[in-house]
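Structural features, examined
Residues per chain are reported as follows:
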Amino acid sequence: MQMPEGLDDLYQEVILAPYRRPRQAGVLQEPDLKSEGFNPFCGDQVILTLRLDETQRIDAVGFQGEGCSISQASASMLADHLSGKTIDEAEALVRTFKGAMQGEEFTEAEIDALGDIVALQGVRRFPIRIKSALLGWTTLQAAIADYRTSLPSLRDRTSRMCSLH
């Protein structure tokens, strides 16, 4: 089966390299954030784990997965890009990427910040593959939501701090 023109280059340059040699591969022990993503339509799976440092920046990232080259390469590229970011910066990254997958164009600043990830916007020409490209990103979004839900509310923390004095 012949690939549509342009898709072959997309696979070769952007997708196959991180798919064949994923960075941040493996699940972290005792992560601060963890989520498992699954695409029931194609069977792609991603487990994303993150550890935060004392300044609440992402210090370590690990991912493990199975599935097509697009889902795994996208998750690898995401994992590689998260180090040093805050949770808010990671959320902004997810919003930007999801917007691009839905047809929004990247700004010059976003192109500079995302580097090679920008090339994944070529996947949107093949709508059936967009969910594959987004799997790692939606898994990160779920990990952040779970993490935020698990944090004690500000009011609870304040009342505990006041009771200590």
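Scope of this entry: the structure provided in the associated data block. (Residues numbered from 1 in each chain as written. Predicted model: local features only at pLDDT ≥ 70, side-chain atom pairs only at ≥ 80, totals over all residues. Heavy atoms only, no water.)

1. A few points about the pairing of strand β1 (residues 33-38)
To keep it simple, the criterion reads: Burial here depends on accessible area, computed with a 1.4 Å probe over protein chains only, as a share of the maximum for the residue type. Under 20% is buried, over 50% is exposed, and the range in between is partly exposed. Strands here mean DSSP runs of E at least two residues long; helices mean DSSP runs of H or I at least four residues long; both are numbered from the N terminus. At least two DSSP bridges between two strands are needed for those strands to be called paired.
Burial of the side chains of β1 is restricted to one face: Leu 33, Ser 35 and Gly 37 are buried, whereas none of Lys 34, Glu 36 and Phe 38 on the reverse face is. For β1 and strand β2 (residues 45-52), the ladder comprises six bridges, and the chain directions are antiparallel. Residue pairing for β2: Lys 34 is matched across the bridge by Thr 49.

2. A closer look at helix α2 (residues 69-82)
Which entries qualify depends on this criterion: Multiplying 1.5 Å by the helix residue count minus one yields the expected span of that helix.
Along its 14 residues, α2 runs 20 Å from first to last C-alpha, staying within 8% of the 20 Å computed at 1.5 Å per residue. Within α2, 13 of the 14 residues are buried, which leaves the element mostly enclosed by the surrounding structure. Among the residues trailing α2, Gly 84 stands out with phi positive, at a value near 90°.

3. Looking at the pattern of salt bridges
Side chains that differ in charge, positive against negative, can pair when their charged atoms come close. Put simply, the rule reads: Salt bridge, as used here: a side-chain nitrogen of Lys or Arg that lies within 4 Å of a carboxyl oxygen of Asp or Glu.
Scanning all chains against the criterion turns up four salt bridges. Salt bridges sharing common partners tie together Asp 88, Glu 91 and Arg 148.

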